[in-house]
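Structural overview for review
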Amino acid sequence: THNWPIQKYLDSEPELGYLNMQEDADGVFRHYNIYSNVYSEEMEGELFLPSLGLRAFMSSTEYEGLTFHIAGNCQGSLKINGKEILISPSTETKIRWNGAYDKFKDISLYRVLEGKNFTHTYNAYDEKGEVVEYNEEIDLREFFKNKVVFIGSTATGAHDLRNTPIDSKLGGVYAHMNFVSMLQKQLFYQNPEDSVKYSLMLFIIGMIIIMIIMRFNNAILDMVSIIMILGTSYYFDYTYFLPAGYELKLFYCYFAFVSTYSWVTFISFNQASAEKKQIKGAFSRYVAPSIVDDMLDNPDKLKVGGEKRDITCMFSDVRDFTAISEQLTATELALSLNRYMGEMTDIVFETNGTLDKYIGDAIVAFWGAPVDIGDHVNQAVDAGVKMMEALPAINDEFKAKNLPEFKIGLGLNSG
């Protein structure tokens, strides 16, 4: 279906153009219909109509070799001066938006009909950033000289405001104006396959650089490299690829870069945390938790192969343990020994000591290693005193259960 202009315009034998354009699925106008085939009863057949923008370009600009090519899959192309615009099966191509009110001069139709030169008053910012009123003398003849002119409504009440990439409420006539500007400057989008090719190249190069950099195991270097990759690719896209009409898939490349870096960092962190937890669990059986934390936070304090250091050692055992063990069953002996050993080991840890080993009923511990705890002598003595003070309470429990009491001896040596 189609609507012809009113008869008065038809009588002047104008060049006709197809006016409509359709928004994308998200409601934004990004594409422009280059032509349309309409059925004409008057002509008893189909009529090929260029779009309004294409017709305006053809009528106002000198060009060479403007040709259409439609393939069997309805994918087409338009060639102008040797440059090609791809046309989708729906006869659309993507508009390279140049601008709106800031790029194209406008004038009220009232002024045109009045036919007089006039003074245009407007407000603008000066060099100091202050709003200043300016007056501009408009000569109608000079204003329209060598111009392509579009007559269109921009009033809100006319219901011709469109949601576009550059303005959510832009007069529909600006789509035609941007398309003509795009043809005049020959700023066409490149073949999507070329954009995908360069996007893949960016993706592969970026991933190779990331993998090489991350082998150095330097978190700061990794972060700086990621930022440089993102910044460099954005710079080249902004200064070269985008002006040349390429649409690099930067979002997907950036998502891959950041996701890869984040995932590897997470794996490394998780692995380090697991190793740290394993080390902490192993050492916590022999060293006070505070010392384990200090070892993990300051691994440089530990020396591979050991070192000669001044420390204090303790050796303690239960007197006549063999005679005691003969009076008890295996279960009673285990319970008694666990109760005693648990209390004494806790005291070792409370005083920042390190449990060396258990030898039957004996405990070997030392203070001042594997990390420096300061005054290891007094802390070791403090541990010995606390062990002696804790023993009566343990024996009271044994007595209540009809178990033999423990008597212990302990010795300290510092050197």
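Quick note: structure is the one above.
The present account deals with the structure reproduced in this document. (Residues numbered from 1 in each chain as written. Predicted model: local features only at pLDDT ≥ 70, side-chain atom pairs only at ≥ 80, totals over all residues. Heavy atoms only, no water.)

Mapping Ile373 onto the fold places it in the loop between strand 14 (362-367) and helix 12 (376-400). The exposure class of Ile373 is buried, given its relative accessible area of 17%. Distance from Ile373 to Thr354, taken between C-alpha atoms, is 11 Å for residues 19 residues apart in sequence. (Helix = DSSP H or I, 4+ residues; strand = E, 2+ residues; numbered from the N terminus. Buried < 20%, exposed > 50% of the residue type's maximum accessible area, 1.4 Å probe, protein only.)

Turning our attention to a nonpolar patch on the surface. Taken together, Val196, Leu200, Phe203, Ile204, Ile208, Met211, Ile212, Phe216 and Leu221 make up a surface patch of nonpolar side chains, about 820 Å² in accessible area. Broken down by element, the nonpolar patch gets its largest block of residues, seven residues, from helix 6 (residues 192-214). Tracing the backbone through its elements, the reader meets Val196 in helix 6. (Patch = residues over 30% accessible without salt bridge, like charges linked within 9 Å, V, L, I, M, F, W, Y side chains within 5 Å. Areas by Shrake-Rupley, 256 points an atom, 1.4 Å probe, with all protein chains shown as cover. Salt bridge = Lys/Arg side-chain N within 4 Å of Asp/Glu carboxyl O.)

Another point: the pattern of salt bridges. Applying the stated criterion across every chain, the model contains 10 salt bridges. For Asp26, the salt bridge is made with Arg30, and the minimal N-O distance between the two is 2.8 Å. Between Arg339 and Glu397 there is a salt bridge, with the nearest N and O atoms lying 2.9 Å from each other. Here the residue Arg339 occupies a position in helix 11 (residues 330-350), and Glu397 occupies one in helix 12, the gap between them amounting to 58 residues. On the accessibility criterion, Arg339 (28% relative accessible area) is partly exposed. According to the relative accessible area criterion, Glu397 is partly exposed, its value standing at 32%.

Bringing the pairing of strand 12 (residues 312-318) into the picture now. Burial along strand 12 is one-sided: Thr312, Met314, Ser316 and Val318 are buried, and none of Cys313, Phe315 and Asp317, which face the opposite way, are. Bridging between strand 12 and strand 14 involves five bridges; their strand directions are antiparallel. When the bridges of strand 14 are listed, Ser316 appears paired with Ile363. Where strand 12 meets strand 15 (residues 408-414), seven bridges bridge the pair, whose relative direction is antiparallel. By the bridge assignment, Ser316 is partnered in strand 15 with Leu410. (Pairing = 2+ DSSP bridges.)

As a further point, take the packing of aromatic side chains. The description of an aromatic ring pair rests on the distance of the ring centres and on the angle between the ring planes. Taken as a whole and judged by the stated rule, the model has 20 aromatic pairs. Measuring from ring centre to ring centre gives 5.4 Å for Tyr198 and Phe241, while their planes differ by 55°; the resulting arrangement is tilted. Of this pair, Tyr198 sits in helix 6 while Phe241 is found in helix 7 (residues 219-241), placing the two residues 43 residues apart along the sequence. Take Phe241: its relative accessible area is 16%, and that puts it in the buried class. Every member of this aromatic cluster is reached through a ring pair, and the members are Tyr198, Tyr240, Phe241 and Tyr246. The lysine or arginine in question, Lys94, covers the ring of Tyr189, its NZ or CZ lying 5.6 Å from the ring centre. (Phe/Tyr/Trp six-rings, centres within 6.5 Å; stacked < 30°, edge-to-face > 60°. Lys NZ or Arg CZ within 6 Å of the ring centre and 35° of its normal.)

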